[in-house]
Amino acid sequence: MNERDALRRLADDLPHAGDDAAVVGDTVITTDMLHERTDFPPGTTRYTAGWRAVGASLSDVAAMGATATAAVAVYADAAFDPDALDRFVAGAVDVCDAVGAEYVGGDLDEHDEFTTASTAIGDVADAGPVTRAGATAGDALCVTGEWGRSAAALRLFDRGDEASVERANDLFRFTPRVADGVALAGRAAAMMDSSDGLARSLHQLAEASEVGFALDRDRLPVHPAVEAVAEGATDRFELAAHFGEDFELVCAVPGSALEDAREACPGGLVRVGTVVDAADGVTADGDPLPDRGYTHG
């Protein structure tokens, strides 16, 4: 599914669609669906699946600058395996614990492949939610964390040996950047999570804020696991910038708030470029950066 085209089609009826989460009063709410065929490579444990599925929704809460409070999930499979269900729930509980939220239940169903849908809610910060609109030319383009971990995990899953699969599961269990999102509320002018990849995220932010971005490739912090699987510098950047599913935060921060934002983010905040005029487009080292990343389906 081309999610962006679908959202544009719905825009007339759902004018607030398009951000990482919906805002209802002082609450943010978001939902995600993941399938075995497209989201969980062979070797993914049910514990990892529970962690990752619920973590994806918690990451959307983080992108709004909100405090995560609770999550639920649907668990559907072709056959009932009580041990698999227990492991899934354990992963969901643990990722909620990691960000100070609570896993509070969900639903069970039958499906022709393992499928899960998760929903998370959070409390809007006193400074208000951070949306994808609001970036201004001259702002600093910043990111949290290290990039390419999910791409590295997929290549390790493909190797199939026990050590590689164990490492891949570890890489798939990311910690949602809720604490950093809260720290950026009131400091970031625009923000989103990077589930579709850095390049695609920049194009989405550019469209929402009506700006462009100038990315400096060398500033992008790349996860050490990428070095072990990348086939040269071009492949390294491809894995870090275009693969997606890293669930880091991408934001625009006014220069006057940059140092304060860096100090406030417990997971670290790195400047990787600058917000520019919309006419300048989205570039990396001066060259157009393709709008290519994770595609649902």
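Note: the structure precedes this text.
Residues numbered from 1 in each chain as written. Predicted model: local features only at pLDDT ≥ 70, side-chain atom pairs only at ≥ 80, totals over all residues. Heavy atoms only, no water.

### What about the overall build of the chain?
Step number 1: Counting secondary structure elements, the chain contains eleven helices and twelve strands.
Step number 2: Its C-alpha atoms give the chain a radius of gyration of 18 Å, near enough to 19 Å, the size a compact globule of 297 residues would have.
Step number 3: Taking the principal axes of its C-alpha atoms as reference, the chain extends roughly 55 × 50 × 40 Å.
Step number 4: Across the 297 residues that make up the chain, the buried fraction comes to 51%.
Step number 5: In the chain, the share of contacts with a sequence separation of at least 24, taken over all contacts with a separation of at least 6, comes to 86%.
Step number 6: For the chain, the exposed surface amounts to about 13,000 Å²; the carbon and sulfur share of it is 49%.
Step number 7: Distance from the positive charge centre (22 side chains) to the negative charge centre (54 side chains) of the chain: 6 Å. (Helix = DSSP H or I, 4+ residues; strand = E, 2+ residues; numbered from the N terminus. Rg over C-alpha atoms; globule rule 2.2 N^0.38 Å. Buried < 20%, exposed > 50% of the residue type's maximum accessible area, 1.4 Å probe, protein only. Contact = heavy atoms within 4.5 Å. Areas by Shrake-Rupley, 256 points an atom, 1.4 Å probe, with all protein chains shown as cover. Lys, Arg positive; Asp, Glu negative; His and termini not counted. Charge placed at Lys NZ, Arg CZ, Asp CG, Glu CD.)

### Concerning the sheet that holds strand β3 (residues 67-77)
Step number 1: The five strands are arranged β1-β2-β5-β3-β4 in an open sheet whose pairing can be described as mixed. Each edge of the open sheet carries a strand with a single partner, namely β1 (22-24) and β4 (102-110). Between one strand axis and the next, the sheet turns through 20° on average, direction left out of account.
Step number 2: Pairing geometry for strand β2 (residues 27-35) and strand β5 (residues 115-123), over nine bridges, is antiparallel. Looking at β5, one finds that isoleucine 29 is bridged to isoleucine 121.
Step number 3: Helix α3 (residues 46-63) rests against β2, β3, β4 and β5 of the sheet, and its axis sits at about 40° to β5. (Pairing = 2+ DSSP bridges. Axes fitted to C-alpha atoms, helices over the stretch in contact; angles between N-to-C directions.)

### Concerning the pairing of β5
Step number 1: Examined bridge by bridge, β3 and β5 share nine bridges and lie antiparallel to one another. When the sheet's bridge partners are listed, alanine 73 is paired in β5 with serine 118.

### A short note on the pattern of salt bridges
Step number 1: One pass over the full model with this rule turns up 13 salt bridges.
Step number 2: The closest approach of N and O atoms between aspartate 170 and arginine 167, which form a salt bridge, is 2.7 Å. Linking aspartate 170 with arginine 167, this pair stays in helix α6 (residues 162-172), spanning three residues, or about one helical turn.
Step number 3: Since its relative accessible area comes to 35%, aspartate 170 is described here as partly exposed.
Step number 4: In this structure arginine 167 comes out as partly exposed when scored by relative accessible area, which is 36%.
Step number 5: For the salt bridge of glutamate 238 with arginine 292, the shortest nitrogen-to-oxygen distance reads 2.5 Å. (Salt bridge = Lys/Arg side-chain N within 4 Å of Asp/Glu carboxyl O.)

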